[in-house]
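Below, each chain spelled out in residue letters.
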There are 2 protein chains.
Amino acid sequence: MKSLVVWHTRERCACIVMLPPSWLLCAYESRRKQEGSLEMSITGRSIADIDTPALLVNEERLEANIQRYANMAAQNGVRLRPHIKTHKTLEIASRQLRAGAGGITVAKLSEAEVFSAAGIRDIFVAYPVIGREKAERAARLARESHLIVGVESAVGIQQLSEAAASAGATIFVRVEIDSGLKRTGVAPEKAEELCRQAMAAPGLELDGIFTFRGASFAGATSSDPQVLGRQEGELMVALTTRLREAGIPIKEVSIGSTPTSSGAVLVPGVTEVRPGTYVFFDRMTTGAGTSTYAEIALSILATVVSRPAPDLAVIDAGSKTFCGDVIPEKVGLEGYGITTDGKSGLVERMNEEHGIVRLAPGFSPQIGDKLTFFPNHVCTSVNLSDELLVIRDGSVKDAWSVAARGRRQ
Amino acid sequence: MKSLVVWHTRERCACIVMLPPSWLLCAYESRRKQEGSLEMSITGRSIADIDTPALLVNEERLEANIQRYANMAAQNGVRLRPHIKTHKTLEIASRQLRAGAGGITVAKLSEAEVFSAAGIRDIFVAYPVIGREKAERAARLARESHLIVGVESAVGIQQLSEAAASAGATIFVRVEIDSGLKRTGVAPEKAEELCRQAMAAPGLELDGIFTFRGASFAGATSSDPQVLGRQEGELMVALTTRLREAGIPIKEVSIGSTPTSSGAVLVPGVTEVRPGTYVFFDRMTTGAGTSTYAEIALSILATVVSRPAPDLAVIDAGSKTFCGDVIPEKVGLEGYGITTDGKSGLVERMNEEHGIVRLAPGFSPQIGDKLTFFPNHVCTSVNLSDELLVIRDGSVKDAWSVAARGRRQ
């Protein structure tokens, strides 16, 4: 199998090479290493010598997390199509695919473009793509990749259809179902109509249905993520049965998040799960019981820059590092981050470049000391960062570019 | 006056040219235009044709805001040293300097490096710089720029002194005073000791004192920002008098934020104010009475991607665009953003790529419609963005790179 890749940056002319997809990620990785960029000077440093703030990836934990979810999906005969919004890096997507993932999930077309250019050619944009310019970009992408796009309106179907037909491309579409989050997606009883519109639309091929609701939404009847995952699966499989009885060829039933996937994979008829956060986990998944502190693979390294009081330290990482898009109280957490021992210091207040840390009795770090923290919501911390430093045996093994950082169009 | 600039990116070898500083920003701007990059294709587009989400800058309002604060400072004989954390772009810093600003303020050294490389050579890092690697970077920067750095600990003074002395550089330092925010800075009664340490330290030159507290902090005795600005000024000038009486040569008394600067400039003895947000303003400054909706110069353009209910719209901009680092209730706001008419739609819920907008009665945008919103906190919205689109007369005039986005080390 051969594949087309176009390197086109501001600095280089475009060049076109024909390579099998599996070579492309390797080519990308070696190209970056040849550039003499930051990771060359930082490789081999001990954690104490890393400038801060920095995001550290514990490689052993990352590998274990990737394997855990790969095994869970494989053992239940369900495809794992991980959402890359958590890491946004080519290197981690590559590891997920090597561990058995069947394609990737993204939220936005511009993310799909990054991963497709790197040779990952089976991509689900689990988001309602709207707008003629975006539809045209989707059609272009569909000519080089197996591209699946979410639809939940007649407008979306029509725009994608026109662009695909005009480009001579096939865009696979999945109808989004609102299973309780009340965000995007149609009510189950509206699904048949939309499926028929997609089936009739030139350039589109109906691929199935999908939903997202996570483990915390108004109206949840359980606080157990596994129970919620089962319910989500049963709801979607029941709808699939009704649609098939009405003559609609639903192939894929795609559901599940990091907390709910373990329940979702148990429901016969579910064909795919799309967890994202599991590669790193964070304080939220740990608070919800889906992970333990010992499994969290991403931490924030910060320096103590001030000691305003015996029980307070100020670190050089604030909301430009931790983000803080989630209101802690709403997800059952206190503060915006915690030291990686789970107890010594709590980030209780933040400004953009300041984290005010409440220290546990007996813990008294000095100005200049470096501390590691787990963030509440790892996805948005990563989106604020240009690179992730990969740590093995206490020193930097590699630096990975957050290639799809900020891609939101 | 000649100046040294080093272009050093991953893609290019370093080259060194000798140019007067005023040429450097022009050179930067024309260099970017020659690159055939995104802004070439987007220039001239009407707002309706801009892909979303996008950050739009109203150029007329931007110019008026820059002029308003420049006038306020000039009329009171106080230096305006704007904080660039709000915009992070070379083009806006250049406009601020042309309007009379005396240097710029940044939070982190890596921001200073970006602006120094572009020819802005009078920079105050209003943050306690801690760590040997950072001290060495500060010393390098001080050899090419007039660099002022915040200090508030003996450790910070010692590290900067060693690095500066070793590099043969002079780093100007200002002692940070905690005037009530309880974040960084020493209590006023501790200032003399730290000033004496700075005076005695080789490679350092004591330049003055500074503080930041903004208009909302525990213990504020007024809700009027102008009153708070006066109080902040009086507190710092009284301390300056005591320090001078003790033989400490305080030159600069630097205070003030966007809401409090109007009061701060009125206090005799205050030499400098450091507002940042005023270039754009946002919902927070408007809620606090410092600006009006008609003055907010930055808006977020988003597309309606779903209409889940008659009174709800979902837009393609969520916390990866609006940020949401500020809890709305804590700053007296409702929701995370509002339509730019101030009333038709309120972003009441967000996920990373979804904004759930509550629509006012009678407002019923269709899927595909583009809407503009004011964010709560513009600084963090900008930090999530790679570029700002400059709008004049309803179409895109230019695209400015957020050159110091993500610079937090």
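Model, not experiment: these values are computed from the prediction. (Residues numbered from 1 in each chain as written. Chains lettered and ligands numbered in written order. Predicted model: local features only at pLDDT ≥ 70, side-chain atom pairs only at ≥ 80, totals over all residues. Heavy atoms only, no water.)

Helix and strand counts for chain A stand at 12 helices and 19 strands. Rg of the C-alpha trace for chain A: 22 Å, near the compact-globule value of 22 Å for 409 residues, within the 12% margin. Viewed in the frame of its principal axes, chain A has a C-alpha envelope of about 70 × 55 × 35 Å. Pairs at least 24 residues apart make up 67% of the contacts formed inside chain A by residues separated by at least 6 positions. With an accessible surface of roughly 15000 Å², chain A has 52% of that area assigned to carbon and sulfur atoms. Positive and negative charge centroids in chain A, built from 46 and 47 side chains respectively, lie 3 Å apart. (Helix = DSSP H or I, 4+ residues; strand = E, 2+ residues; numbered from the N terminus. Rg over C-alpha atoms; globule rule 2.2 N^0.38 Å. Contact = heavy atoms within 4.5 Å. Areas by Shrake-Rupley, 256 points an atom, 1.4 Å probe, with all protein chains shown as cover. Lys, Arg positive; Asp, Glu negative; His and termini not counted. Charge placed at Lys NZ, Arg CZ, Asp CG, Glu CD.)

This part covers the environment of A:Gln67. Along the chain, A:Gln67 falls in helix H3 (residues 59-75). Sequence spacing of A:Gln67 and A:Gln159 is 92 residues, and the spatial spacing of their C-alpha atoms is 39 Å.

Between chain A and chain B, the superposition needs a rotation of 180° and an axial shift of 0.0 Å, giving an RMSD of 0.0 Å. Taken together, the turn and the small shift mark the pair as related by a two-fold rotation axis. No C-alpha of chain A approaches the rotation axis more nearly than that of A:Asp325, which lies at 2.7 Å. Of the interface residues in chain A, 99% have counterparts in chain B that sit at the interface too, so the contact is made through matching surfaces. (Least-squares fit on C-alpha atoms with pLDDT ≥ 70 in both.)

Further remarks concern the sheet that holds strand S9 (residues 204-210) of chain B. Residue and element names in this part refer to chain B. In spatial order, the strands read S4-S11-S10-S9-S8-S7-S6-S5; together these 8 strands make up an open sheet with parallel pairing. The two strands at the open ends of the sheet, each matched to only one other strand, are strand S4 (79-80) and strand S5 (104-106). In this structure, strand S10 (residues 252-255) lies alongside strand S11 (residues 272-273), joined through 2 bridges in parallel fashion. Paired with Ile255 across the two strands is Val273, which belongs to S11. In this fold helix H8 (residues 191-200) packs onto strand S7 (146-151), strand S8 (171-176) and S9, with an angle of close to 155° to the strand it touches most, S9. (Pairing = 2+ DSSP bridges. Axes fitted to C-alpha atoms, helices over the stretch in contact; angles between N-to-C directions.)

All names here are of chain B. Among the 6 residues that make up S8, 6 are buried, leaving the element largely enclosed by the rest of the structure. Because side chains alternate across S8, one face comprises the buried residues Ile171, Val173 and Val175, and the other comprises Phe172, Arg174 and Glu176, equally buried. Summarising the sheet, S7 and S8 pair through 4 bridges and their orientation is parallel. In the strand pairing of S8, Ile148 is matched with Phe172. You can see the chain leave S7, run along helix H7 (residues 154-167) and come back into S8, and the turn it takes is right-handed. Note that S8 and S9 share 6 bridges and pair parallel. Its bridge partner being in S9, Glu176 is matched across the sheet by Phe210. (Buried < 20%, exposed > 50% of the residue type's maximum accessible area, 1.4 Å probe, protein only. Right-handed = clockwise from strand over helix to strand, strands pointing away.)

Turning our eyes to something else, we now look at the packing of aromatic side chains. Residues and elements named next belong to chain A. Tallying each qualifying case throughout the model produces 10 aromatic pairs over all chains. Residues Phe124 and Phe210 carry aromatic rings whose centres are separated by 4.9 Å and whose planes lie at 85° to one another, so their mutual orientation is edge-to-face. Here Phe124, found in strand S6 (residues 122-128), pairs with Phe210, found in strand S9 (residues 204-210); they are 86 residues apart in sequence, far enough to count as distant. The two residues Phe124 and Phe210 agree in class, both being buried. (Phe/Tyr/Trp six-rings, centres within 6.5 Å; stacked < 30°, edge-to-face > 60°.)

Now for the sheet that holds strand S11 (residues 272-273) of chain A. The sheet built from 8 strands is open, its strands ordered S4-S11-S10-S9-S8-S7-S6-S5 (chain A) with parallel pairing. Only two strands of the sheet have a single neighbouring strand rather than two, namely strand S4 (79-80) and strand S5 (104-106) of chain A.

Here we take up the pairing of strand S12 (residues 298-309) of chain B. Residue and element names in this part refer to chain B. A large share of S12 lies buried, amounting to 9 of its 12 residues. Here strand S3 (residues 54-58) pairs with S12 via 4 bridges, running antiparallel. In the strand pairing of S12, Leu56 is matched with Ser299. Across 4 bridges, the pairing between S12 and strand S17 (residues 370-375) is antiparallel. Bridging from a neighbouring strand, Leu301 pairs with Thr372 of S17. Sheet analysis places S12 next to strand S13 (residues 312-315), joined by 3 bridges and oriented antiparallel.

Time to look at unusual backbone geometry. Across the chain, the bulk of peptide bonds are trans and the bulk of non-glycine residues have phi less than zero. In this structure, the amide linkage connecting A:Thr52 to the following residue, A:Pro53, adopts the cis form with an omega of -5°. Among the secondary structure elements, A:Pro53 is positioned in the loop between helix H2 (38-42) and strand S3 (54-58). Positive phi outside glycine occurs at B:Lys182, with the angle close to 55°. Mapped onto the secondary structure, B:Lys182 falls in the loop between S8 and H8. The exposure class assigned to B:Lys182 is exposed, which follows from its relative accessible area of 57%.

All names here are of chain A. Domains assigned within chain A are domain 1 (76-281) and domain 2 (293-401). For domain 1 versus domain 2, the distance between C-alpha centres works out to 33 Å. Listed by partner, the interface residues are 12 residues for domain 1 and 13 residues for domain 2. Summed over the three residues of domain 1 that lose the most area to domain 2, namely Glu91, Phe280 and Phe281, the buried surface amounts to 45% of that side. Counting the contacts that link domain 1 with domain 2 gives 0 salt bridges. Put simply, domain 1 and domain 2 have 1 residue pair in polar contact (both at pLDDT 80 or more) between them. Split by residue class, the side of domain 1 that touches domain 2 holds 4 nonpolar, 4 polar and 4 charged. (Domains from an automatic or database assignment. Buried area = accessible area lost by both parts, 1.4 Å probe. Salt bridge = Lys/Arg side-chain N within 4 Å of Asp/Glu carboxyl O. Polar contact = N/O pair within 3.5 Å; in protein donor to acceptor, adjacent residues only side chain to side chain. Nonpolar A, V, L, I, M, F, W, Y, C, P; charged D, E, K, R; others polar.)

Residues and elements named next belong to chain A. The geometry of helix H5 (residues 109-117) relative to helix H6 (residues 132-142) is characterised by a closest axis approach of 10 Å and an angle of 20° between their N-to-C directions. Viewed along their axes, H5 and H6 adopt a mutual orientation that is roughly parallel. The handedness of the crossing between H5 and H6 comes out as left-handed. Residue-level inspection shows Leu109, Ser110, Ala112, Glu113 and Ser116 of H5 in contact with H6, the latter providing Lys134, Arg137, Ala138 and Leu141. Grouping the amino acids of the contact of H5 with H6 by side-chain chemistry returns 4 nonpolar, 2 polar and 3 charged. (Parallel < 35°, antiparallel > 145°, perpendicular 65-115°, else oblique. Left-handed = near helix turned anticlockwise from the far one by under 90°.)

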